[in-house]
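Observations on the three-dimensional arrangement
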Amino acid sequence: MKKTRHFQLLLAAGLLALGQAGAQKPMTVADLAAWQRITRQAITDNGEWVAYKMEPWRGDATVYLHTADGTEQATYSPAKEFRFSASGDYLLVTETTPLATMDSLRLAKTKEDALPMDRLLIRHADGQEERIDSLKQYKLADKADWLAYQSGRKDSTLVVRSLDGKRDYRFARVSDYAFAEKSATLYFVTKGNGTDLEAGIYLLDPTKGTPSLVKAGDGLFRQVALDEQGNQLAFLYCAEKDSAYKALELWLSERGETAKAIAGRGNKALPTGWVINENGTLSFSHSAARLFFGTSPEPKQKDTTILDANRPNVQVWSWEEPVQYTVQQYNLKEDLKKNYKAVYNIKEGKVIQLADKTLPNIQLGNEGDASLALLSTSEPYSVSSMWEARTRSDY
């Protein structure tokens, strides 16, 4: 009798458990989309502050700020990104509009230029907070507590300020700007204000306060690069925007002095008919003793004297070509930007063409400071790579 009653109790408990399990809500796609995950985390260099971003697969993200002992100090939601300043005394958070609000505005056919803009929050170590409304974009110095930003859709004024708010500078009609990697020095390109700010590219050390005009002009500035400390500034420039494809020149400024043109079309070091290519990356070696840039044959331009209706639209391909037609079409955009690395040795004042059509690929050693470079080509093995499933190269 006791065994029978015990069995009945076990059976009842089992049925109850099954009933509870059956009552559980099945997981849906919406549940998966709502799952929270940490997508970014950071600790200040002094180890005093920790921040991380938690967000669902679709929805509003939240930034959490903690002290080193794990105590939560603040949360910001909805948020896009966050960064600590170089000293760790400031937290910058990009605050945004809730996703549901943005969705409803877009469903109502609200124009993009009428949608709410982001805000930049600056939190001080003592808990003080300030916000910059209508944020267009901002850049933070990696090794100094300085901020540069633009706000408003139509306002191109650049504001450069210390994060403590004690110093700030404003420059009108700025189209490009960036800080040096290891200092507070930055460059900016402006169209000028018609009075005391001339069109051109400037260098500014905000700790000193006076920008220096490196190159005057309202032409086309491309591929601007600073060395790590901000002592040297290099850029490509063409006075006539429509001629940039064939007439770009490489300019260099040292220690904030007026820039000098160091290379351009017709330079003896470049192959005949070659020009400086705006798609080539402009960069300094680690020691800043060398400046690398890209060159290429002068790009062919579309003949605008012929109507499109009278222009033949024919694609010719042979089965003997080393690269398949479909691959050629896939790589077309990148091939049109193709360029070959050259170097300017700053101390010697000498340009050397490194890569070319014969050996187009190059590997630099020691962050560009090595005495040798490794050149290679895989072109002789383009056909065999179709069935070998690997690419061989000559060096």
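Scope of this entry: the structure provided in the associated data block.

The rules behind the values
- Residues numbered from 1 in each chain as written.
- Predicted model: local features only at pLDDT ≥ 70, side-chain atom pairs only at ≥ 80, totals over all residues.
- Heavy atoms only, no water.
- Helix = DSSP H or I, 4+ residues; strand = E, 2+ residues; numbered from the N terminus.
- Rg over C-alpha atoms; globule rule 2.2 N^0.38 Å.
- Buried < 20%, exposed > 50% of the residue type's maximum accessible area, 1.4 Å probe, protein only.
- Contact = heavy atoms within 4.5 Å.
- Areas by Shrake-Rupley, 256 points an atom, 1.4 Å probe, with all protein chains shown as cover.
- Lys, Arg positive; Asp, Glu negative; His and termini not counted.
- Charge placed at Lys NZ, Arg CZ, Asp CG, Glu CD.
- Pairing = 2+ DSSP bridges.
- Axes fitted to C-alpha atoms, helices over the stretch in contact; angles between N-to-C directions.
- Salt bridge = Lys/Arg side-chain N within 4 Å of Asp/Glu carboxyl O.
- Core = buried A, V, L, I, M, F, W, Y, C linked by side-chain atoms within 4.5 Å.
- Polar contact = N/O pair within 3.5 Å; in protein donor to acceptor, adjacent residues only side chain to side chain.
- 1 Å grid on protein atoms, 1.4 Å probe; cavity = no way out; pocket = protein on both sides within 12 Å on 5 of 7 lines; lining within 4 Å.
- Points joined across faces, edges and corners; volume = space filled by probe spheres on them.
- Nonpolar A, V, L, I, M, F, W, Y, C, P; charged D, E, K, R; others polar.

1. Quick notes on the overall build of the protein
Across its full length, the protein holds seven helices and 26 strands. Rg of the C-alpha trace for the protein: 29 Å, well past the compact-globule value of 21 Å for 395 residues, more than 25% over. Residue burial in the protein is summarised as follows: out of 395 residues, 36% are buried. Counting contacts in the protein only where the partners sit at least 6 residues apart, residues at least 24 apart contribute 40% of the total. With the model as given, the accessible surface of the protein reaches about 24,200 Å², and the carbon-plus-sulfur share is 50%. Computed over 50 positive and 51 negative side-chain charges, the separation of the two mean positions in the protein equals 4 Å.

2. A few points about the sheet that holds strand β7 (residues 118–124)
Hydrogen bonds between backbone atoms are what pair the strands of a sheet, whose relative direction is either parallel or antiparallel. Spatially, the seven strands line up as an open sheet ordered β5-β6-β7-β8-β9-β10-β11, and their pairing is antiparallel. Single-partner strands in this sheet number two, and they are β5 (79–84) and β11 (168–171). Shown here is a sheet whose adjacent strand axes are inclined to one another by a mean of 35°, direction ignored. Pairing of β7 with strand β8 (residues 129–140) involves five bridges; the strand directions are antiparallel. Pairing of Ile 122 across the sheet is with Glu 130, part of β8.

3. Focus on the pattern of salt bridges
Considering all chains together, one arrives at 17 salt bridges under this definition. Between Asp 103 and Arg 58 there is a salt bridge; the shortest N-O distance is 2.8 Å. A residue pair is termed long-range when its members are at least 10 positions apart, and Asp 103 in helix α3 (residues 99–107) and Arg 58 in the loop between β2 (49–56) and β3 (62–67) qualify at 45 residues. The class of Arg 58 is exposed, set by a relative accessible area of 52%. Between Arg 311 and Asp 308 there is a salt bridge whose closest N-O contact spans 3.5 Å. Relative accessible area serves as the criterion here: at 54%, Asp 308 is assigned to the exposed category.

4. Comments concerning the sheet that holds strand β12 (residues 174–179)
Taken in spatial order, the four strands of this open sheet run β12-β13-β14-β15, and their pairing is antiparallel. Edge positions in the sheet fall to β12 and β15 (212–216), since each has one partner strand and no second. Geometrically, the sheet is characterised by an average inter-axis angle of 20° between neighbouring strands, direction not taken into account. Looking at chain direction, β12 and strand β13 (residues 186–190) are connected through five bridges and run antiparallel. Looking at the pairing, Val 174 lines up with Thr 190 of β13.

5. Details of the nonpolar core
Counting 24 residues, the largest nonpolar core has Leu 250, Leu 252, Leu 282, Phe 284, Leu 291, Phe 293 and Tyr 344 as its most contacted members. Those elements that place two or more of their residues in this core are β16 (220–226), β17 (232–238), β18 (249–254), β19 (260–263), β20 (274–276), β22 (290–297) and β23 (340–345). Ignoring anything within four residues of it in the chain, the contact list for Leu 252 reads Gln 232, Leu 233, Ala 234, Ala 259, Lys 260, Ile 262, Phe 284, Leu 291, Tyr 344 and Ile 346. One finds Ala 148, Leu 197, Tyr 202 and Leu 204 within the second-largest nonpolar core, a separate group that totals 17 residues.

6. Here's the deal with the environment of Ala 184
Here Ala 184 lies in the loop between β12 and β13. C-alpha separation for the pair Ala 184 and Val 316, spaced 132 residues apart in sequence, amounts to 54 Å. Contact partners of Ala 184, with chain neighbours within four places excluded, come to Ala 144, Trp 146, Phe 179, Leu 204 and Pro 206.

7. Structural notes on the side chain of Thr 67
Examined against the element boundaries, Thr 67 turns out to sit in strand β3. Polar side-chain contacts of Thr 67 include one of 2.5 Å to the side chain of Asp 69. Filtering out sequence-adjacent residues up to four positions away, Thr 67 remains in contact with Glu 48, Trp 49 and Gln 73.

8. A closer look at the pairing of β3
With five of six residues buried, β3 is to be regarded as a mostly interior element. Following β2, the chain reverses through five residues before pairing antiparallel with β3; Gly 59 in that reversal takes a positive phi of roughly 145°. Pairing geometry for β3 and strand β4 (residues 72–76), over four bridges, is antiparallel. Across the sheet, Leu 65 pairs through a bridge with Ala 74, a residue of β4.

9. A closer look at the layout of surface pockets
Size it by volume and the largest pocket reaches roughly 1,400 Å³. Around the largest pocket, the lining is made up of 38 residues, and of these Asn 331, Asp 335, Leu 336, Lys 338 and Tyr 340 lie nearest the centre. Contributions of two or more residues to the lining of the largest pocket are made by β20, β22, α5 (325–330), α6 (332–336) and α7 (385–388). Per element, the largest residue contribution to the lining of the largest pocket is four residues, and it comes from α5. Residue classes in the lining of the largest pocket are distributed as 17 nonpolar, 13 polar and eight charged. What the second largest pocket holds in volume is close to 390 Å³.

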